[in-house]
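If you want the building blocks of each chain, they are given just below.
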Amino acid sequence: MSGFHGHSQPPAMAVLDQLLRQYVEYMESLRRESILDDQFTQLQKLQDESNPDFIDEVITLFFQDSERLICSMGTALAKRNVDYKQVDDDVHQLKGSSSSIGAARVKNLCVFFRDCCEAKNLEKCYRCLQEVQQECVLLKNKLNTLFMLQKQIVAAGGSIPVD
Amino acid sequence: MEGSKSSIIEKKFNVLIVDDAPGIRMMHNALLKSFGSNVETQVAENGKVAVDLCNSGKYFDIIFIDKHMPIMDGVQATRKLREMGVASVIVGITSCDTDDEVKPFVEAGLNECFEKPLTREKIKFVFEKFHKDG
């Protein structure tokens, strides 16, 4: 960044720089922890002036769908004669939607969850359900932080970096 | 962001997206639209809607279709479309990852089958293959 009258950057630029650095580091941490994978980056590239709320809408729909599916899994597992086929169908759907938004950890959990359904292991299925719930909450919180950083960058006059 | 929306591909494609999840339809639609103005898209929320669209005389060069859907799933819809004589390229996009799960879908009449997520690379592969064979 070029200096300002030979001195350090104007405060606004320094703030933007810091926000951008924070954002890049945060995205890298999400990838490192496999919370998000490259598919999320591909979706970010689809957002533009003609589609400014694309990511927000996609993520909102994902969480609406995941909450519904998790509820349905819980209901199926709680039945006296557990309907493993229903649970498996729901997990299968969640696997598809989570992979489509780049939610890698949720997707990988679903793969294991499906194995537990096939084995008709109720205890493991319940544990998987709990973990899926926790992962979805974690993902929501992480994405909220990410979107907050994005808003701050835009408010500071910058644009969101996309790989 | 992605380059100009004028046209990244030369040929015109009329594409149908069939999936019961609104979020997936939205994503697949945006992915296809990112290839430019030569790609026209339409969406259907299940296999029956897709079959009815084709029955009404609409023609699609490519149909991207999910496997698990209510009312009419991807396997039934693909079989029905082929019985109707629909010659579109039909590409399954499914969360299924085992041969046992994918086999009936392919045998129903798919030209290609991919595991989700749908990506630009997979779409490009289909466009190029269809253009080459078409």
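Residues numbered from 1 in each chain as written. Chains lettered and ligands numbered in written order. Predicted model: local features only at pLDDT ≥ 70, side-chain atom pairs only at ≥ 80, totals over all residues. Heavy atoms only, no water.

K.L.:
Would you mind going over the interface of chain A and chain B in detail, with residue names and values included?
P.N.:
Facing the 24 residues of chain A at the interface are 23 residues of chain B. Buried surface at the junction of chain A and chain B, summed over both partners, amounts to about 1,900 Å²; 62% is from carbon and sulfur atoms. Our count for the chain A to chain B interface comes out at two salt bridges. A salt bridge links E101(B) to R114(A); the shortest N-O distance between them is 2.7 Å. Our count for the contact surface shared by chain A and chain B stands at six residue pairs in polar contact (both at pLDDT 80 or more). Put simply, the parts of the chain that give the side of chain A that touches chain B at least two residues each are α2 (38–44), α3 (54–78) and α4 (84–101) of chain A. When residues of the side of chain A that touches chain B are assigned to their parent elements, the largest contribution, nine residues, is made by α4(A). The residue makeup of the side of chain A that touches chain B, split by class, is seven nonpolar, 11 polar and six charged. (Contact = heavy atoms within 4.5 Å. Buried area = accessible area lost by both parts, 1.4 Å probe. Salt bridge = Lys/Arg side-chain N within 4 Å of Asp/Glu carboxyl O. Polar contact = N/O pair within 3.5 Å; in protein donor to acceptor, adjacent residues only side chain to side chain. Helix = DSSP H or I, 4+ residues; strand = E, 2+ residues; numbered from the N terminus. Nonpolar A, V, L, I, M, F, W, Y, C, P; charged D, E, K, R; others polar.)

K.L.:
Explain the UniProt feature "modified residue: 4-aspartylphosphate" (unreviewed entry) in chain B to me, using residue names and the numbers behind them.
P.N.:
All names here are of chain B. As annotated by UniProt and renumbered to match this structure, "modified residue: 4-aspartylphosphate" (unreviewed entry) occupies D66. With respect to the helices and strands, the residue D66 is situated in the loop between β3 (62–65) and α3 (74–83). Its relative accessible area of 5% is what places D66 among the buried residues. Once residues lying within four places of it in the same chain are set aside, the contact partners of D66 are V18, D19, D20, G74, I93, T94, F105 and K116. (UniProt positions renumbered as here; feature names shortened; annotations may be inferred. Buried < 20%, exposed > 50% of the residue type's maximum accessible area, 1.4 Å probe, protein only.)

K.L.:
Outline the environment of L19(A), supporting the account with residue identities and numerical values.
P.N.:
Residues and elements named next belong to chain A. Positionally, L19 belongs in helix α1 (residues 11–32). Taking the C-alpha atoms as reference points, L19 and I153, separated by 134 residues in sequence, lie 6.1 Å from one another. Not counting the four nearest positions on each side in its chain, L19 is found in contact with L149, Q152, I153 and A156.

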